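# A look at the structure
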Amino acid sequence: MTDYKTSATWGEIAAQPAIWRAWAEPLSEKSAEVQAWIAAENFDEIWVSGAGTSAFIGEIIARGTAKVRAVPTTDLVGCPQDYLSATGKILAIQFGRSGNSSETIGMLDLLDAQRPDIARLNITCNGESALATRPAANQRVIVLPEATHDSGFAMTSSFTTMTMTALACLGVLDCGDIEKLANEAERLIFKADAMSVARPERAVFLGAGALTGVARESALKVLELTAGKTMTQWDSTLGYRHGPKAGVDGSTQVYVMLHPDAYVRQYDTDIAEEIRRQFPDIPVKTLGRGGDFYIKGTGDPRVDSVLFVLLAQVLAVKWSADLGLPIDDPFQGQNLSRVVSGVKLYPL
């Protein structure tokens, strides 16, 4: 068993509250400038883009946010005709921890060549990256603190801090709430670390609305850091009954995220109770207000996403350690790498 607390990944998870606090004041100033720019431009549509974990930021933000559309870079680069014919004034917000992944470069190339009229807001953890340094006609760039440029394989502080940054720029997050989020995050990380949870063969994460994106990111963290030894599923709470629930067996753990809205939460509670009845011998845990893993949050699921993901981050590290894997590079340089590269990009 690996000592997970010596890993960079654990340090990056534990550092999140301090990172958020230190970023709150600079973010307040930067986001005010971006909000003024967005208001002045009066965009018809805002794309939120990234690949993998960075794409899930977009999925979270786009739920219930006016004019905002999740457009993963992997979709835009792979099938550009579905997006580049869009009309109206568009702002493309792109996220990238490294800012240099193949699809990041591919999206920049496509916008330069096909749609230079699309404005850009690039949010990255790497100030030396293409996302930070490549010029464009109507563009803003926000480089996050160096501490968010995770050195571990899995995105942790980069995910939560880029999410906060985008939400502040769109006027969804009040930077005055960051201190409260940081205080609760400290409690949640400590609580998750104190939990003794045996690694399952399968883990399922469910959530509604913006929390569906959190469920997806949670499932990915466990899948990545256990190098696929724990297979995972994610879905919406209502969607899971429609076939995917076939993945539950006696070796599964299920985690259901309770939406802060009371109406939505009824459906979350129902699926948790249903799986408990049908599989009485497996753990089915709820996260959120009134849940087994209590999360108070702000009441906005997009903002609270940075809290809901913490349990999976911690469990993934501990389960990786249980397997004796090198947590910061669970694939040991094979099959998957920290920054996706080597994807052949074709000219359009």
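Here, every reference points to the structure presented above.
First, a word on what this report is: a plain description of the structure on this page. (Residues numbered from 1 in each chain as written. Predicted model: local features only at pLDDT ≥ 70, side-chain atom pairs only at ≥ 80, totals over all residues. Heavy atoms only, no water.)

## Concerning helix H10 (residues 262–278)
Over its 17 residues, H10 runs 25 Å from end to end, which matches the ideal 24 Å to within 8%, given 1.5 Å per residue. Taken together, the buried positions of H10 are Asp268, Ile271, Ala272, Glu274 and Ile275. The buried residues of H10 all sit within an arc of 160 degrees when viewed along its axis, so they share a single face. In H10, the exposed residues that point more than 90 degrees away from the buried face are Ala262, Tyr263 and Arg277. Taking the backbone nitrogen of Tyr263 as reference, a side-chain oxygen 3.0 Å away marks Asp261 as the first, capping residue of H10. (Helix = DSSP H or I, 4+ residues; strand = E, 2+ residues; numbered from the N terminus. Expected span 1.5 Å × (residues − 1). Buried < 20%, exposed > 50% of the residue type's maximum accessible area, 1.4 Å probe, protein only. Arc of directions from axis to C-beta. Polar contact = N/O pair within 3.5 Å; in protein donor to acceptor, adjacent residues only side chain to side chain.)

## As for the sheet that holds strand E10 (residues 293–294)
Two modes of strand pairing occur in sheets, parallel and antiparallel, and in both the strands are linked by backbone hydrogen bonds. Spatially, E7-E6-E8-E9-E10 is the arrangement adopted by the 5 strands of the open sheet, whose pairing is parallel. Two strands bound the open sheet, and with one partner strand each, they are strand E7 (231–235) and E10. Across 4 bridges, the pairing between strand E8 (residues 252–257) and strand E9 (residues 284–288) is parallel. Residue pairing in the sheet places Val254 in a bridge with Val284 of E9. In this fold helix H9 (residues 210–225) packs onto strand E6 (202–206), E7 and E8, with an angle of close to 175 degrees to the strand it touches most, E7. (Pairing = 2+ DSSP bridges. Contact = heavy atoms within 4.5 Å. Axes fitted to C-alpha atoms, helices over the stretch in contact; angles between N-to-C directions.)

## Section: the side chain of Thr161
Looking at where Thr161 falls in the secondary structure, it is placed in helix H7 (residues 157–169). On the basis of relative accessible area, Thr161 is assigned to the buried category, the value being 0%. Aside from chain neighbours lying at most four places away, what touches Thr161 is Ile19, Trp20, Trp23, Leu144 and Thr148.

## Overview of the sheet that holds strand E2 (residues 68–70)
Here 5 strands make up an open sheet; going across it, the order is E2-E1-E3-E4-E5 and the pairing parallel. This sheet does not close on itself; its edge strands, each paired only once, are E2 and strand E5 (139–143). Taking each pair of neighbouring strands and ignoring which way they run, the sheet shows an average axis angle of 15 degrees. Sitting on the sheet, helix H5 (residues 102–114) is in contact with strand E1 (45–49), strand E3 (90–96) and strand E4 (119–124), with an inclination near 160 degrees to E3. Of the strands in this sheet, E3, E4 and E5 are in contact with H7, which crosses E4 at around 145 degrees.

## Remarks on the environment of Leu173
Mapped onto the fold, Leu173 is located in the loop between H7 and helix H8 (178–194). Leu173 sits 153 residues away from Trp20 along the chain, and the two C-alpha atoms are 13 Å apart. When neighbours within four sequence positions are excluded, Leu173 is seen to be in contact with Met164, Leu167, Ala168, Ile178, Leu181 and Val303.

## Quick word on the pairing of E1
Regular strands place their side chains on alternate faces of the sheet. Counting buried residues in E1 gives 4 out of 5 residues, a clear majority hidden from the surface. In this sheet, E3 lies alongside E1 in parallel orientation, the contact comprising 5 bridges. Within E3, the residue paired with Ile46 across the bridge is Leu91. Taken together, the 3 bridges between E1 and E2 define a ladder with parallel strand orientation. Looking at the pairing, Trp47 lines up with Arg69 of E2. Taking the sense of rotation as the criterion, the β-α-β connection linking E1, helix H3 (residues 53–62) and E2 turns out right-handed. (Right-handed = clockwise from strand over helix to strand, strands pointing away.)

## Some details on H8
In this model H8 runs 24 Å from its N-terminal to its C-terminal C-alpha over 17 residues, within 8% of the 24 Å that 1.5 Å per residue would give. When we look at burial in H8, the residues that qualify are Ile178, Leu181, Ala182, Glu184, Ala185, Leu188, Ile189, Ala192 and Asp193. Structurally, H8 contributes buried residues whose contacts are with helix H1 (8–14), helix H2 (16–41), H7, E10, helix H11 (301–308) and helix H12 (310–322).

## Regarding the packing of aromatic side chains
This structure, assessed with the given rule, holds 6 aromatic pairs. With centroids separated by 5.8 Å and ring planes inclined at 80 degrees, the aromatic side chains of Trp37 and Phe43 adopt a geometry described as edge-to-face. Considered together, Trp37 and Phe43 belong to a single accessibility category, that of buried residues. Relative to Tyr267, the ring of Tyr263 lies with its centre 5.6 Å away and its plane at 80 degrees, an arrangement referred to as edge-to-face. (Phe/Tyr/Trp six-rings, centres within 6.5 Å; stacked < 30°, edge-to-face > 60°.)

## A word on the side chain of Glu274
Checked against the element boundaries, Glu274 lands in helix H10. One polar contact links Glu274 to Lys245, side chain to side chain, over a distance of 2.5 Å. Setting aside chain neighbours within four positions, we find Glu274 in contact with Arg241 and Lys245.

## Here's the deal with the packing of H9 against H12
Their axes nearest at 8 Å, the elements H9 and H12 cross at an angle of 15 degrees. Regarding the angle of H9 to H12, the classification is roughly parallel. Handedness of the crossing formed by H9 with H12: right-handed. Residues Ser218, Lys221, Val222 and Leu225 of H9 lie in contact with H12, whose contacting residues are Ala312, Gln313, Ala316, Val317, Trp319 and Ser320. Of the residues assigned to the contact of H9 with H12, the class counts are 6 nonpolar, 3 polar and 1 charged. (Parallel < 35°, antiparallel > 145°, perpendicular 65-115°, else oblique. Left-handed = near helix turned anticlockwise from the far one by under 90°. Nonpolar A, V, L, I, M, F, W, Y, C, P; charged D, E, K, R; others polar.)

## Comments concerning unusual backbone geometry
The phi dihedral of Lys67 falls on the positive side, at around 70 degrees, and the residue is not glycine. For Lys67, the position within the fold is in the loop between H3 and E2. Its relative accessible area of 45% is what places Lys67 among the partly exposed residues. Phi angles above zero are rare outside glycine, and Ala227 is one such case at about 50 degrees. Position of Ala227 among the secondary structure elements: in the loop between H9 and E7. The class of Ala227 is buried, set by a relative accessible area of 16%.

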